[in-house]
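Listed here are the chains, written in short residue letters.
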Amino acid sequence: MIRTIAMPTTPIEQLLDKYLSGNLTEAERQQLELLLQDPAQQQLLADLLTHEMETGAFEARKDDQLLQQLQHHIQERIQSPAPLKKRWSFYGKRIAVAAVLLVAAGMAFWPWNQPANTPAAPTADAANVTPSSLQPGGQRAVLTLADGSEITLDSAHNGELAQQGAIKVIKLQDGRIRYDQQQIPTTEIVYNTIYTPRGGQYQVLLADGSKVWLNAASSLRYPVAFSGNERRVELKGEGYFEIAPDASKPFHVSVNNIDVTVLGTHFNINAYADEAAVRTTLLEGKVTVRGLTNPQATVTLQPGEQAIRHANDNISVSSNVDVEEVMAWKNGLFYFQSANLATILRQAARWYDVDIEFNHTVTQRFSGQISRNVNAAQLLSILESTGKVRFDIAGKTIKVQSP
């Protein structure tokens, strides 16, 4: 059975009228709170509400938190009347989307320190899947030990999970994995692999103190203890690294026939197989990106630059990089600047664990940011509100249709 996502049609004026009369449902209240975070709508909200505030129409709700947010934005408009940048618009025509869902204050970042018992994204038979049940991903991963045994981390207990020689694998209360060295390890190198499925992400604390965040559908293979004169890990998918400095042991990331070498720095690597290029973006420090099949292709990055390894093994450098867009996944956001629909939906497929089927070509590009905490139906509704595309959901397949 194919289900069509319905577009929300309630205008802001109607939501405010219901709020004034005390007839706002909880769902409508949430919608109004989300709209309140949209810079493109704040001027309209201020214009609509200023008169009502002056007449005392909100007196009955003077202690309500939502009213305090409304007052705050009105005051901001009075003090700073310059128009704010619209956060979601069509590229070129700049058609504003009224239903932009931006994260409310305090929710803008994905809670890596969320409790270990946070429920994982639900699984269901395709026949029982509804648009609203396509929930966002969560802190989910599987750890494969050196002996091949697997531990499902999102359901594992806190504390010691395994002993591998002189190394203990510890799950912390915030859900992260840490490796504790109890004594001098043997010269044998023991590897673990952490894998995040579609709809999952995770953070691991390596033996040297380096931190790695994995995006959905990614994996990291690494030694439980670093020995010798280098530190080396292998990445598939996407990961963000904060490397502990150690000048005597350079840190290497092997990914898709390139080698990223660092001493101590912060960087992101996007190397999904379904993306056209491998992109290494430097946030802090210095890294060298070297092609393994083409050693002549070697570049050194400065903060804010991105190395792009192309299909022909050449590596180019871009200095015009939107770091906010690159780091959006780690910060709990979908964030796009002039992105085509296919790029947006590839990210959605990995985060919501769905498949995408294109039955209609959309050439327009999109810009904006949306919380990764919304369900798939909300994300698709925003895209539908442009009037240029429609989505049908059949089981866990999202079908792109003509509007």
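Treat the numbers as computed from the prediction; the structure is a model and nothing was measured. (Residues numbered from 1 in each chain as written. Predicted model: local features only at pLDDT ≥ 70, side-chain atom pairs only at ≥ 80, totals over all residues. Heavy atoms only, no water.)

What follows deals with the nonpolar core. Among the nonpolar cores identified, the biggest contains 46 residues, and Ile194, Leu220, Phe241, Val253, Phe267 and Ile269 are the most heavily contacted of them. Here Phe267 is in contact with Gly239, Tyr240, Phe241, Ile243, Val253, Val260, Val262, Thr280, Thr281, Leu282, Leu283 and Val287, once residues within four sequence places are set aside. Among the nonpolar cores identified, the runner-up in size contains 27 residues, and Leu134, Phe366, Leu380 and Ile382 belong to it. (Core = buried A, V, L, I, M, F, W, Y, C linked by side-chain atoms within 4.5 Å. Buried < 20%, exposed > 50% of the residue type's maximum accessible area, 1.4 Å probe, protein only. Contact = heavy atoms within 4.5 Å.)

A few words on the packing of aromatic side chains. All told, the structure shown has seven aromatic pairs when counted by the stated rule. A ring pair is formed by Tyr179 and Tyr222, whose centres lie 5.5 Å apart and whose planes are at 80°; its orientation type is edge-to-face. Note that Tyr179 is positioned in strand S8 (residues 177-181) and Tyr222 in strand S12 (residues 218-223), a separation of 43 residues in sequence. The same class applies to Tyr179 as to Tyr222, namely buried. Connected via pairs of aromatic rings, a cluster forms that spans Phe226, Phe241, Phe251 and Phe267. The ring of Tyr272 carries Arg350 above its face, with NZ or CZ at 3.6 Å from the centroid. (Phe/Tyr/Trp six-rings, centres within 6.5 Å; stacked < 30°, edge-to-face > 60°. Helix = DSSP H or I, 4+ residues; strand = E, 2+ residues; numbered from the N terminus. Lys NZ or Arg CZ within 6 Å of the ring centre and 35° of its normal.)

The next subject is the pairing of strand S14 (residues 251-255). Counting buried residues along S14, five of its five residues qualify, which places the element largely inside the surrounding structure. Burial along S14 is two-sided: the face carrying Phe251, Val253 and Val255 and the face carrying His252 and Ser254 are both buried. Summarising the sheet, strand S13 (residues 231-242) and S14 pair through four bridges and their orientation is parallel. Along S14, the bridge assignment pairs Arg231 with Phe251. Taking the residues that link successive antiparallel strands as the turn, the S14-strand S15 (residues 258-262) hairpin has two residues, and the phi of Asn256 there is positive, at about 45°. (Pairing = 2+ DSSP bridges.)

The next point concerns the environment of Phe334. Examined against the element boundaries, Phe334 turns out to sit in strand S22 (residues 333-340). The class of Phe334 is buried, set by a relative accessible area of 1%. Each C-alpha atom of the pair Phe334 and Asn373 lies 9.6 Å from the other, and the pair is 39 residues apart in sequence. Not counting the four nearest positions on each side in its chain, Phe334 is found in contact with Gln347, Ala348, Trp351, Tyr352, Gly368, Gln369, Ile370, Ser371, Arg372 and Leu379.

This paragraph deals with the pattern of salt bridges. Pairing is possible between side chains that carry opposite charge, provided their charged atoms lie close to one another. Scanning the entire structure with this criterion turns up 15 salt bridges. As a salt-bridge pair, Asp274 and Arg350 come within 3.0 Å of each other at their nearest N and O atoms. One end of the pair, Asp274, is in the loop between strand S16 (266-271) and strand S17 (278-284); the other, Arg350, is in helix H6 (residues 341-352), and 76 residues separate them in sequence. Notably, a salt bridge pairs Arg346 with Glu275, separated by 2.9 Å at the nearest N-O pair. (Salt bridge = Lys/Arg side-chain N within 4 Å of Asp/Glu carboxyl O.)

Right, let's get into unusual backbone geometry. Excluding glycine, most residues fall at negative phi; most peptide bonds, likewise, are trans. With phi around 45°, Asn256 is a residue other than glycine that occupies positive phi space. The topology assignment puts Asn256 in the loop between S14 and S15. In this structure, Asp353 is a non-glycine residue whose phi angle is positive, near 55°.

Looking now at the confidence of the model for the protein chain. Per-residue pLDDT for the protein chain averages 76, and the proportion of residues at 70 or more is 67%. Considering only residues more than four positions removed or in separate chains, one finds that residues 1-10, a stretch of pLDDT under 50, has 31 contacts. Contacts of residues 76-128 to residues separated by more than four positions or lying in other chains number 122 contacts, the stretch itself having pLDDT below 50. (pLDDT = per-residue confidence, 0-100.)

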